[in-house]
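Observations on chain architecture
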Amino acid sequence: VRITPVGDPAPRSGQRALLLHFTDITHLREAEEMRRDFVANVSHELRTPLTAVLGFIETLRGPAKDDTAARDRFLGIMEGEARRMNRLVSDLLSLSRVESQERQRPSTEVDLRAVLDGVIAALKPAAEDQGSTLQLDLQPADPALLLGAAGQGFRMKGDRDQLMQVFLNLTENALKYGGAGRPVTLRLGWQDGTGNLKGPLLRADVIDRGDGIDPLHLPRLTERFYRVDTHRSRAMGGTGLGLAIVKHIVNRHRGRLRIDSVQGQGSTFTVLFPAD
Ligand code: ADP
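Residues numbered from 1 in each chain as written. Predicted model: local features only at pLDDT ≥ 70, side-chain atom pairs only at ≥ 80, totals over all residues. Heavy atoms only, no water.

As a reminder of what qualifies: UniProt positions are given in the numbering used here, feature names are shortened, and annotations may be inferred rather than shown by experiment.
Going by an unreviewed UniProt entry, the protein carries the name histidine kinase and comes from Roseicyclus marinus. UniProt, in its Catalytic activity (unreviewed entry) section for the protein, records the words "ATP + protein L-histidine = ADP + protein N-phospho-L-histidine." The UniProt entry for the protein carries this comment under Subcellular location (unreviewed entry): "Cell membrane".

1. Remarks on the layout of surface pockets
Formally: A pocket here means an open set of points on a 1 Å grid, computed over the protein atoms alone, that has protein on both sides within 12 Å along at least five of seven lines. A cavity is instead a set of points where a 1.4 Å probe fits but cannot get out; residues with an atom within 4 Å of a point line either one. Grid points are joined across faces, edges and corners, and a volume is the space filled by probe spheres set on the points. For helices the rule is a DSSP run of H or I covering at least 4 residues; for strands it is a run of E covering at least 2, with both sets numbered from the N terminus onward. Asp, Glu, Lys and Arg are counted as charged, while Ala, Val, Leu, Ile, Met, Phe, Trp, Tyr, Cys and Pro are counted as nonpolar; the rest, among them Gly, fall into the polar class.
In this structure, the largest pocket occupies an estimated 930 Å³ of space. Taken together, 41 residues make up the lining of the largest pocket; nearest its centre are N169, E172, N173, K176 and Y177. The greatest single-element share of the lining of the largest pocket, amounting to 10 residues, is contributed by helix α4 (residues 160–178). The class makeup of the residues in the lining of the largest pocket is 16 nonpolar, 14 polar and 11 charged. Reported here for the second largest pocket is a volume of approximately 340 Å³. As for the second largest pocket, its lining consists of 14 residues, of which M34, D37, F38, E223 and R224 are closest to the centre. Contributing elements (two or more residues each) for the lining of the second largest pocket: α1 (26–61) and α6 (242–252). With six residues, the single largest contributor to the lining of the second largest pocket is α1. Residues that form the lining of the second largest pocket fall into these classes: four nonpolar, three polar and seven charged.

2. Topic: the sheet that holds strand β7 (residues 201–208)
Stated precisely, the cut-off is as follows: DSSP bridges decide pairing: two strands pair if at least two such bridges lie between them. Every axis in this analysis is a line fitted to C-alpha atoms, fitted for helices over the stretch in contact. Angles between the N-to-C directions lie between 0 and 180 degrees.
What the five strands build is an open sheet, ordered β4-β6-β7-β9-β8; its pairing is mixed. Two strands bound the open sheet, and with one partner strand each, they are β4 (134–138) and β8 (256–262). Ignoring which end each strand starts from, the neighbouring axes of this sheet average 15 degrees apart. In the sheet, strand β6 (residues 184–191) pairs with β7 via eight bridges, with the strands oriented antiparallel.

3. As for the nonpolar core
Side chains of nonpolar character tend, in soluble globular proteins, to be buried together. For clarity, the threshold we go by: To form a nonpolar core, buried Ala, Val, Leu, Ile, Met, Phe, Trp, Tyr and Cys residues must be joined to one another through side-chain atoms within 4.5 Å. For each residue, the accessible area found with a 1.4 Å probe, counting protein chains only, is set against the maximum for its type, and the residue is called buried under 20%, exposed over 50%, and partly exposed in between. Contacts are assigned to residue pairs with any non-hydrogen atoms lying within 4.5 Å of each other.
In this structure, L112, V166, F167, L170, L202 and F273 are the most contacted members of the largest nonpolar core, which totals 47 residues. When sequence neighbours within four positions are dropped, the list of residues in contact with L170 reads V206, L243, V246, F269 and V271. One finds A64, A70, F74 and M78 within the second-largest nonpolar core, a separate group that totals seven residues.

4. Looking at the side chain of R252
Here R252 is to be found in helix α6. The exposure class of R252 is buried, given its relative accessible area of 6%. Beyond its immediate chain neighbours, meaning those up to four positions away, R252 contacts Q101, E102, Q104, R105, P106, D159 and Q162.

5. Things to note about the pattern of salt bridges
Note the following rule: Any carboxyl oxygen of Asp or Glu within 4 Å of a side-chain nitrogen of Lys or Arg constitutes a salt bridge here.
Under the criterion given, the structure shown has 15 salt bridges. D159 is paired through a salt bridge with R252; the nearest N and O atoms lie 3.3 Å apart. Of this pair, D159 sits in the loop between β5 (155–157) and α4 while R252 is found in helix α6, placing the two residues 93 residues apart along the sequence. A relative accessible area of 22% places D159 in the partly exposed class. The partner of D211 in a salt bridge is R182, and the shortest N-O contact between them spans 3.6 Å. Taken as a pair, D211 in the loop between β7 and α5 (230–235) and R182 in the loop between α4 and β6 lie far apart in primary sequence, 29 residues in all. Taking the relative accessible area as the measure of exposure, R182 reaches 34% and is therefore partly exposed. Put simply, E32, R35 and R36 are held in one network by salt bridges that share partners.

Here's what the structure looks like:
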């Protein structure tokens, strides 16, 4: 509360007037709290691999100095930890870049089908290595829906690299958490407007047949560093930032991310984008 004396509105009354300014700082407090949590999380995520690397250096200088087999094994572990830190720093840079660009709407034309083809080409070898299939399912468009947008294929206004990142992150997750040997499908089509998103909308679904996600976790899944199972995520090389990056890129494109999951059956991550 800020108090300012103001000129006496009734000079003969002998009373003075005060102006009271009330400012709601709840959102400032919340933002400050989020910033503090974020710094604490980043420090913790970096400290874990750093502690491991420092520990192995000490062992290599001391007890394992002349043990060639141990040296090779420890160097392998140290390389893994250094790579983890590298991934974390890359994801932090991506996140800060997309956050700062969130208000600038991209203006170039992007063919979403070409983006999904690129994602499949990039991840097919990894999918095959784990015995999973990865395929694109194109949905025929309803001609009435596309009146006006007709003939534009799957084109939208967007940032190609960022859209690529969205579907790489979602598809990598589908492969990681969907389970080895289970299929992953990318489905692309058009749909009518919904809520405050005016149609026609481009709709892309990333569908897995994994164990699904407990509904309890769904509202928090796109928070930075939120994981259902931290140990599992780390073991699979996750940084906990993938979905936060996805959410900011989708926001920048004025789109929407929806997550549907049935435990024991799988998850579908749906992204809706206005075409212009
Ligand atoms: P991470 O680097 O841990 O994968 P993300 O931000 O990409 O971070 O995802 C956050 C968490 O959401 C993951 O740790 C995982 O618990 C959960 N998750 C994401 N995608 C899926 C999926 N397709 N199936 C099940 N759980 C998922």
